[in-house]
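Observations on chain architecture
Listed here are the chains, written in short residue letters.
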Amino acid sequence: MELQKYFIDFNKAIKMDYDENSGLADKRDKLLKKLSSDDSVPSFNRLDQGSYAMHTGVEPLDKEYDIDVGLRFSKNKEDYENPMELKRIVKNVLENHTDKKPVIKSPCVTITYKDKGEDAYHVDLAIYVYENKDDTSSQMYLARGKDSKPEEICWEKSDPKGLVDYINSAISDSDDREQFRRIIRYLKRWKNKVFSSSGNAEPPSIGITMIVADKFAVKKKTDIVSGIDSYNDLEALYNIVSEIQKLFVYKGINQAGREIYTISYTFPSDLKFEPGVNIFQKMSDNYMTSFKEKIDTLLSDLKAVRNEVDVVEQCKKLNKIFGDDFKIPEVKEESKTQKRCIPSSSAAGVW
């Protein structure tokens, strides 16, 4: 049996199904209801964002689920000289909503829910206002910053809806789009497995998602008789990891004798974000270099998978890359399947 079957099974295992995990949506809706019913909170419209809106979520390894929600307040930027005002209003209204106090983070206000004493869910509320609230197509601004770092507090140009639309419209064909989303999920699971989530060591998911959106190439072949497409996720993944590797730029050698690399990627100019801002800017040079080293290893490991002819051995290598959610078939099972398979002579196309 082709390796693709096991990639599909892996995708099913790691895919975050928000419809099935109704607890997240319920908690989000209760939060929004409480905010909208409080007289101290200006009127707002909800905007789903992040992996929830882009359909690229993965099951968390630490089992703490999250959902990103934008609150687009019907206010002008000039109405609040200090962006923290709105963030504090939201935090204060939700102060006793859960057992754990809300936390103001730089990009959002986070509300965490516990289950059996452990953090189980969190909802990130991003706060937005308009340049002109009477024109909802006008520039939007994100309330950026937190009290512990006053130098970072600002109204930051943002385009949350444009970003979601950009990602969701990157691939026009629906079946090709499913491969595109699978590749993002594979990279997210790999990222969660090999990087620490503390601090800024972990590359931002939106950075990886943007690169895939811009550089993804569909890998499939079409049977000329049946017209059925046969996708090859291994080749698609290998191709995009190669593209990520090309983005790293050599910077020099640090005092410890380590070769240092940087990576820079910006939002497209037709989206209304702050111009020229590096999506990976929060990562230090050392973290960027570690990112490159891990990408180099991933590419080498994927090449070894490509060079392996036995499906069971391929799955063993992929299990080491992605973890136990990438299942290794039994040798007997795979052997029986291969005996039943008759190679098609009508397949055409190049991977």
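Preceding block: the structure.
Residues numbered from 1 in each chain as written. Predicted model: local features only at pLDDT ≥ 70, side-chain atom pairs only at ≥ 80, totals over all residues. Heavy atoms only, no water.

**Remarks on the overall build of the protein chain**
- Each helix and strand in the protein chain was counted, giving 11 helices and 12 strands.
- Projected onto its principal axes, the C-alpha positions of the protein chain cover 70 × 50 × 45 Å.
- Evaluated residue by residue, the protein chain yields a buried proportion of 47% over its 351 residues.
- For the protein chain, the computed accessible surface area is about 17800 Å², with 45% contributed by carbon and sulfur atoms.
- Here the protein chain carries 56 positive and 60 negative side-chain charges, and the mean point of each set is 3 Å from the other. (Helix = DSSP H or I, 4+ residues; strand = E, 2+ residues; numbered from the N terminus. Buried < 20%, exposed > 50% of the residue type's maximum accessible area, 1.4 Å probe, protein only. Areas by Shrake-Rupley, 256 points an atom, 1.4 Å probe, with all protein chains shown as cover. Lys, Arg positive; Asp, Glu negative; His and termini not counted. Charge placed at Lys NZ, Arg CZ, Asp CG, Glu CD.)

**Regarding the packing of aromatic side chains**
- For the structure shown, the criterion picks out 16 aromatic pairs.
- Judged by centre distance (5.3 Å) and plane angle (45°), the rings of F7 and Y186 are tilted. Linking F7 in helix α1 (residues 4-14) with Y186 in helix α6 (residues 174-194), this pair joins segments that are 179 residues apart in sequence.
- Between F7 and F326, the ring centres sit 5.2 Å apart and the planes meet at 85°, which makes this aromatic pair edge-to-face. Of this pair, F7 sits in helix α1 while F326 is found in the loop between α10 (311-322) and α11 (331-340), placing the two residues 319 residues apart along the sequence.
- Among the aromatic residues, those joined into a ring-pair cluster are F7, F10, Y186, F322 and F326.
- Above the plane of the ring of Y261 lies K292, whose end atom (NZ or CZ) is 4.5 Å from the centre. (Phe/Tyr/Trp six-rings, centres within 6.5 Å; stacked < 30°, edge-to-face > 60°. Lys NZ or Arg CZ within 6 Å of the ring centre and 35° of its normal.)

**Some thoughts on the pattern of salt bridges**
- In the structure shown here, the tally under the stated rule is 26 salt bridges.
- Among the salt bridges present, the one from R144 reaches E156, with a minimum N-O distance of 3.1 Å. On the criterion of sequence distance, the pair formed by R144 in strand β6 (residues 140-144) and E156 in strand β7 (residues 154-158) is long-range, its members being 12 residues apart.
- Note that K246 and E243 form a salt bridge whose closest N and O atoms lie 3.4 Å from each other. On the criterion of helical spacing, the pair formed by K246 and E243 is a turn pair, its members being 3 residues apart in helix α8 (residues 233-246).
- Several salt bridges converge on common partners, so that one network encompasses R28, D29, R46 and D48. (Salt bridge = Lys/Arg side-chain N within 4 Å of Asp/Glu carboxyl O.)

**So, the packing of α6 against α8**
- At a minimum axis distance of 10 Å, the contact between α6 and α8 shows a crossing angle of 60°. In terms of crossing hand, the pair formed by α6 and α8 is right-handed. Each of Q179, R182, I183, Y186 and L187 in α6 lies in contact with α8, whose residues at this interface are D233, A236, L237, I240, V241 and I244.
- For the contact of α6 with α8, the residue count by class is 8 nonpolar, 1 polar and 2 charged. (Axes fitted to C-alpha atoms, helices over the stretch in contact; angles between N-to-C directions. Left-handed = near helix turned anticlockwise from the far one by under 90°. Contact = heavy atoms within 4.5 Å. Nonpolar A, V, L, I, M, F, W, Y, C, P; charged D, E, K, R; others polar.)

**Details of the environment of E2**
- Its location among the elements puts E2 in the segment before α1.
- For E2, a relative accessible area of 49% corresponds to the partly exposed category.
- Measuring from C-alpha to C-alpha, the distance between E2 and D310 comes to 9.8 Å, with 308 residues separating the pair along the chain.

**Thoughts on unusual backbone geometry**
- Its identity is not glycine, yet H55 carries a phi of approximately 60°, on the positive side.
- Residue placement: H55 occurs in the loop between α3 (50-54) and β2 (65-76).
- What makes H55 partly exposed here is its relative accessible area of 43%.

**Here's the deal with the environment of K327**
- Mapped onto the elements of the fold, K327 is located in the loop between α10 and α11.
- In sequence terms K327 and K63 are 264 residues apart; their C-alpha atoms lie 20 Å from each other.

**A look at the nonpolar core**
- With 55 residues, the main nonpolar core has L187 and F291 as its most contacted residues.
- Not counting chain neighbours up to four residues away, the residues in contact with L187 comprise I208, V212, L237, I240, V241, I244 and L298.
- Judged by nonpolar contacts, the second largest core, of 32 residues, contains L35, Y65, M84 and Y113. (Core = buried A, V, L, I, M, F, W, Y, C linked by side-chain atoms within 4.5 Å.)

**Thoughts on helix α9 (residues 285-307)**
- Along its 23 residues, α9 runs 33 Å from first to last C-alpha, staying within 8% of the 33 Å computed at 1.5 Å per residue.
- Listed as buried for α9 are M288, T289, S290, F291, K292, I295, L298, L299, L302 and V305. (Expected span 1.5 Å × (residues − 1).)

**Some remarks on the pairing of β2**
- Where strand β1 (residues 44-49) lies against β2, 6 bridges are found, and the strand directions are antiparallel. Its bridge partner lying in β2, L47 is registered against G70.
- Taken together, the 9 bridges between β2 and strand β5 (residues 118-130) define a ladder with parallel strand orientation. Each bridged residue has a counterpart across the sheet, and for V69 the counterpart in β5 is L125. (Pairing = 2+ DSSP bridges.)

Everything listed here is a matter of geometry and, on its own, says nothing about what the molecule does.
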